[in-house]
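Structural characterization, general
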There are 2 protein chains.
Amino acid sequence: MRDVAIIGVGQTKVGEHWDISLRHLALEAVQAGLADAGVRQADALYVGNMLSGELTGQEHLGALVADFAGLRGIEAFRIEAACGSGAAALRMGYVAVAGELADIVVVVGVEKMTDALGPDTTAALALATDGDYEAAQGASFVAINALLMRRYMHEHGYVHQDFAPFAVNAHRNGANNPYAMFRFPVTVERFVRARMICDPINLLDSSPICDGAAAVVLAPADAGRALSAAPIRIVGSAVGTDTVAVHDRRDPLVLDGAILSTRRAYEQAGVGPEDIDLFELHDAFSIMAALSLEAAGFADRGQGLRLALEGKIGIEGRVPVATMGGLKARGHPVGGTGVYQVVEVVQQLRGLAGANQVENARLGMAQNIGGSGATVVTHILERVDE
Amino acid sequence: MRDVAIIGVGQTKVGEHWDISLRHLALEAVQAGLADAGVRQADALYVGNMLSGELTGQEHLGALVADFAGLRGIEAFRIEAACGSGAAALRMGYVAVAGELADIVVVVGVEKMTDALGPDTTAALALATDGDYEAAQGASFVAINALLMRRYMHEHGYVHQDFAPFAVNAHRNGANNPYAMFRFPVTVERFVRARMICDPINLLDSSPICDGAAAVVLAPADAGRALSAAPIRIVGSAVGTDTVAVHDRRDPLVLDGAILSTRRAYEQAGVGPEDIDLFELHDAFSIMAALSLEAAGFADRGQGLRLALEGKIGIEGRVPVATMGGLKARGHPVGGTGVYQVVEVVQQLRGLAGANQVENARLGMAQNIGGSGATVVTHILERVDE
């Protein structure tokens, strides 16, 4: 097993791209990633995507994107783990390069949610739940998160307004990210007044339905230094899973999959939460941000929200989260998200995060969650000092 | 990189299982595979599946199947490459074990095509084509194969009856396979009279719509010998891709993806077509069987059908194909097929193929194709002599 570096990153602006097809989104990200890496060929391409079959009438994205991106002939598959598909594809790319089965691997996460052919997008997203025991009972994905949020408030004595800091932080950071979907700040007052989506989740607790693609190019760390002016090393890559149905968990307010995934990544990297300089967490809904902070060891059970209320999740806080806007403000093109998170950690570790730069960021973590915690993929990246 | 062995295999009977859900099919195959391997835990589970989102309302199969099979917590993803999804999942499992990222990996290919919720199955299968440039023009998957078959007949001077040997051979072999969907022989006369599906493809040129799951358990070859009485070594594992749309190919009657995939697998194994004792090819339609024989080097362009006509594809022929019934008679539960093929090669190499045993089989090849040749995954397996 050898060390792996990220030698190039690329991303499209996240938004409602009614005039750009899925393959064009993927192409734009792959081309940007290859150009950033300064390479033209690759041994394999793994595509993270959840809903292309349902929403755009296209499975078989591996070969399709490989060909469209000028990489015809290479190994290419789609990797799916619901909203965790992007990081799952990265995990497969990491495995291939670390295990010396491939040298250069392109990973692209892409989702096209507007201009959908098929079912409405809320129904499609419910495919991330347990179809027989959750969706079949009428539980949409937002409904499941609403139940978790309500229970969190009940058990730990919070009120809805206490969740405001996640949205305020994400929008403040997204405002400075040219690739973000929402580039405006929001206030606590606006959060409180936001339209209700699924009680107690309101519009500003929710990430948007949108389109986007992000790509990273992987290479052996040894070669990375020669290929890239600023290679970033992957020092932890790990997956944890849990029951898909929330009602089967030992504790609905504890993300065991995230605990497993983070612990495995920390062990591989030889670090702990105290060493992490920024944490791109999976804030698809604000309740998920709170639960993620707890599962990753930044707060005890029920205290993740406290961390946010105490101002510790900002760029200058103890654990900056959603530093480029997160799922909330950068946007959440589901299969793309896990790769966007990693692209943003790379920006931070390269010192290229502009107004949102976390000072002296050396170690960044990205955590992508499929479903309400059933698949959790964690990557820890490290700046390579010369 | 280390050698990888298959230490256990499992499969369900292929058929129309109206009363068995997708997760139960997967469970049955995984349990059989683990029992055959004599292990209870695994480091990762990769699920090959194409259409669970569209047909059964369930994405996120990795975590779902892992949990249901008693493997909660482990790394688990779904791998998709249209009808090549099963072997694609095996490829990812091979990469993880060969690269020393995992020791024990379970790979399950599963598809549930009856009892579909959503679109009709023909429309769902068209997601394997280029959605914007083939399906959007009204071309179903069978229509594309029909065009290829017609052109093959035209260019090479064959008549439809010349394709009969593929169906006759597959059904003869399927009759002896207790896991096959169709366990009866067919004659040339019956082939000629079969109902037309999409001219010139008739019912007996076509694999059936069905349900099924197959699993293999992988381990390092060193450990394989201790764990299994009859480990089978994977000596070649390779992928080739091509354009998804047939009209973009340099020659519609040449499967460049299969040529790449097979050549890479031969090179890795240090063998050529002359060394292969049996070839589980992707006979989703009989035209694909002919094109596969040519791409894999068993016949020149236009001569794959000749091989069949000369009786060389039977159990005692030069290159036995579909030895347990193939996609035609064992059945083609699309995401399951690639794993079924490998399970059957293992049966042959273990000498457990019963009436269909290929004598002294030492080296077997399985080739799983996504779409009409856009993703081709090839595995070469070798019997390990003590």
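Residues numbered from 1 in each chain as written. Chains lettered and ligands numbered in written order. Predicted model: local features only at pLDDT ≥ 70, side-chain atom pairs only at ≥ 80, totals over all residues. Heavy atoms only, no water.

**Considerations on the overall build of chain A**
For chain A, the count of helices and strands is 14 helices and eleven strands. Seen along its three principal axes, the alpha-carbon backbone of chain A occupies a region of about 55 × 45 × 40 Å. Restricting to contacts in chain A with at least 6 residues of sequence separation, those with at least 24 account for 77%. Element-wise, carbon and sulfur atoms account for 49% of the exposed surface of chain A, whose accessible area totals about 12,000 Å². Of the side chains in chain A, 30 bear a positive and 45 a negative charge, and the two mean positions are spaced by 3 Å. (Helix = DSSP H or I, 4+ residues; strand = E, 2+ residues; numbered from the N terminus. Contact = heavy atoms within 4.5 Å. Areas by Shrake-Rupley, 256 points an atom, 1.4 Å probe, with all protein chains shown as cover. Lys, Arg positive; Asp, Glu negative; His and termini not counted. Charge placed at Lys NZ, Arg CZ, Asp CG, Glu CD.)

**Concerning the interface of chain B and chain A**
Each partner contributes residues to the interface: chain B has 56 residues there, and chain A has 56 residues. Roughly 4,400 Å² is buried in total at the junction of chain B and chain A, and carbon and sulfur atoms are behind 54% of that figure. The salt bridge involving Asp132(A) is made with Arg23(B); its shortest N-O contact spans 3.2 Å. At the junction of chain B with chain A, the criterion picks out 28 residue pairs in polar contact (both at pLDDT 80 or more). For the side of chain B that touches chain A, the secondary structure elements donating two or more residues are helix 2 (52-56), helix 3 (61-68), strand 3 (75-80), helix 4 (85-98), strand 8 (232-241), helix 10 (256-269) and strand 11 (375-383) of chain B. With seven residues, helix 4 of chain B is the largest single contributor of residues to the side of chain B that touches chain A. Across the side of chain B that touches chain A, the residue classes break down as 27 nonpolar, 14 polar and 15 charged. (Buried area = accessible area lost by both parts, 1.4 Å probe. Salt bridge = Lys/Arg side-chain N within 4 Å of Asp/Glu carboxyl O. Polar contact = N/O pair within 3.5 Å; in protein donor to acceptor, adjacent residues only side chain to side chain. Nonpolar A, V, L, I, M, F, W, Y, C, P; charged D, E, K, R; others polar.)

**Some details on the packing of aromatic side chains**
Residues and elements named next belong to chain A. Here the structure, examined in full by the defined rule, presents twelve aromatic pairs over all chains. Between Phe 141 and Phe 285, the aromatic rings sit 6.3 Å apart at their centres with planes inclined by 50°, giving tilted as the arrangement. Here Phe 141, found in helix 6 (residues 141-156), pairs with Phe 285, found in the loop between strand 9 (278-280) and helix 11 (286-295); they are 144 residues apart in sequence, far enough to count as distant. On the basis of relative accessibility, which here comes to 9%, the residue Phe 285 falls in the buried class. Joined through ring pairs, the aromatic side chains of Tyr 152, Tyr 158 and Phe 163 make up one cluster. (Phe/Tyr/Trp six-rings, centres within 6.5 Å; stacked < 30°, edge-to-face > 60°. Buried < 20%, exposed > 50% of the residue type's maximum accessible area, 1.4 Å probe, protein only.)

**Section: empty space enclosed by the protein**
All chains considered together, the criterion is met by two cavities of 30 Å³ or more. Considered as a void within the structure, the largest cavity measures approximately 50 Å³ in volume. Across the lining of the largest cavity, the residue classes tally to four nonpolar, two polar and three charged. Reported here for the second largest cavity is a volume of approximately 40 Å³. (1 Å grid on protein atoms, 1.4 Å probe; cavity = no way out; pocket = protein on both sides within 12 Å on 5 of 7 lines; lining within 4 Å. Points joined across faces, edges and corners; volume = space filled by probe spheres on them.)

**What about the pairing of strand 8 (residues 232-241) of chain A?**
Residue and element names in this part refer to chain A. Burial within strand 8 is extensive, with nine of its ten residues counted as buried. The sheet contact formed by strand 1 (residues 4-11) and strand 8 spans three bridges and is antiparallel. Along strand 8, the bridge assignment pairs Ala 5 with Arg 233. In this sheet, strand 11 (residues 375-383) lies alongside strand 8 in antiparallel orientation, the contact comprising nine bridges. Paired with Ile 234 across the two strands is Leu 381, which belongs to strand 11. (Pairing = 2+ DSSP bridges.)

**Some details on helix 4 (residues 85-98) of chain A**
Structurally, the α-helix is built with 3.6 residues per turn, so residues lying three or four positions apart point the same way. Residues and elements named next belong to chain A. Over its 14 residues, helix 4 runs 20 Å from end to end, which matches the ideal 20 Å to within 8%, given 1.5 Å per residue. Burial analysis of helix 4 places 14 of its 14 residues in the buried class, the great majority of the element. Positive backbone phi, approximately 65°, marks Glu 100, located one or two places after helix 4. (Expected span 1.5 Å × (residues − 1).)

**Digging into the pattern of salt bridges**
All names here are of chain A. Scanning all chains against the criterion turns up 40 salt bridges over all chains. Linking Glu 59 and Arg 78 is a salt bridge whose minimum nitrogen-to-oxygen distance equals 2.7 Å. Here the residue Glu 59 occupies a position in the loop between helix 2 (52-56) and helix 3 (61-68), and Arg 78 occupies one in strand 3 (residues 75-80), the gap between them amounting to 19 residues. Judged by its relative accessible area of 0%, Glu 59 falls in the buried class.

**Let's talk about the packing of helix 4 of chain A against helix 14 (residues 334-349) of chain A**
Residue and element names in this part refer to chain A. Close contact between helix 4 and helix 14 brings their axes to 5 Å; oriented N to C, the two are set at 65°. Residues Ser 85, Gly 86, Ala 87 and Leu 90 of helix 4 touch helix 14, and the partners they reach there are Gly 335, Gly 338, Val 339 and Val 342. Residue composition of the contact of helix 4 with helix 14, grouped by class: four nonpolar, four polar and no charged. (Axes fitted to C-alpha atoms, helices over the stretch in contact; angles between N-to-C directions.)

**As for the domain arrangement of chain A**
Think of interface size as the accessible area that goes away when the parts come together; that is how it is often given. Residue and element names in this part refer to chain A. Parsing chain A into structural domains produces domain 1 (4-117 + 209-232) and domain 2 (138-178 + 235-383). The gap between the C-alpha centroids of domain 1 and domain 2 is 22 Å. Facing the 40 residues of domain 1 at the interface are 33 residues of domain 2. The largest share of the area that domain 1 buries against domain 2 comes from Gln 11, Cys 83 and Ile 232, three residues that together contribute 26% of it. At the surface where domain 1 touches domain 2, the tally comes to one salt bridge. Measuring nitrogen to oxygen at the nearest pair gives 3.1 Å for the salt bridge that ties Arg 350 to Asp 36. On inspection of domain 1 and its partner domain 2, the count reaches nine residue pairs in polar contact (both at pLDDT 80 or more). Secondary structure elements with two or more residues in the side of domain 1 that touches domain 2: strand 1, helix 4, strand 4 (105-111) and strand 7 (212-220). Residue contributions to the side of domain 1 that touches domain 2 peak at seven residues, all from helix 4. (Domains from an automatic or database assignment.)

**Quick look at the relation of the copies chain B and chain A**
At an RMSD of 0.0 Å, chain B and chain A line up after a rotation of 180° and a shift of 0.0 Å along the axis. In the structure described here, the two chain copies are related by an operation that fits a two-fold rotation axis. If distances are taken from each C-alpha of chain B to the rotation axis, the shortest is found for Gly99(B), at 1.7 Å. With an isologous cut-off of 70% or more, the 100% of interface residues of chain B that recur at the interface of chain A puts this contact in the isologous class. (Least-squares fit on C-alpha atoms with pLDDT ≥ 70 in both.)

**Brief notes about the confidence of the model for chain A**
On average, chain A scores 96 in pLDDT, and the residues at 70 or more come to 98%. Across the interfaces of the predicted complex, the ipTM metric reaches 0.98, alongside a pTM of 0.98. (pLDDT = per-residue confidence, 0-100.)

**A closer look at the pairing of strand 10 (residues 363-370) of chain B**
All names here are of chain B. Along strand 10, eight of the eight residues are buried, which leaves the element largely enclosed by surrounding structure. In terms of strand pairing, strand 9 (residues 278-280) meets strand 10 through three bridges, oriented parallel. Of the residues in strand 10, the one forming a bridge with Phe 279 is Met 365. The sheet contact formed by strand 10 and strand 11 spans eight bridges and is antiparallel. Across the sheet, Gly 370 pairs through a bridge with Thr 375, a residue of strand 11. Here strand 10 folds back onto strand 11, and the loop between the two strands holds four residues, one of which, Gly 371, carries a positive phi near 65°.

**Some words on the state of the cysteines**
Considering all chains together, one arrives at zero disulfides over all chains under this definition. Among the cysteines around Cys198(A), which has no disulfide bond, Cys83(A) carries the closest sulfur, lying 16 Å off. (Disulfide = S-S within 2.5 Å.)

**Concerning unusual backbone geometry**
All names here are of chain A. Residue Pro 200 follows Asp 199 across a cis peptide bond; omega there is 5°. Secondary-structure assignment places Pro 200 in the loop between strand 5 (196-198) and strand 6 (201-202). Residue His 60 is not a glycine yet carries a positive backbone phi of 70°. Using a relative accessible area of 1% as the deciding quantity, one classes His 60 as buried. Unusually for a residue other than glycine, Ala 322 sits at a positive phi of about 50°. Mapped onto the elements of the fold, Ala 322 is located in the loop between helix 12 (304-309) and helix 13 (326-329).

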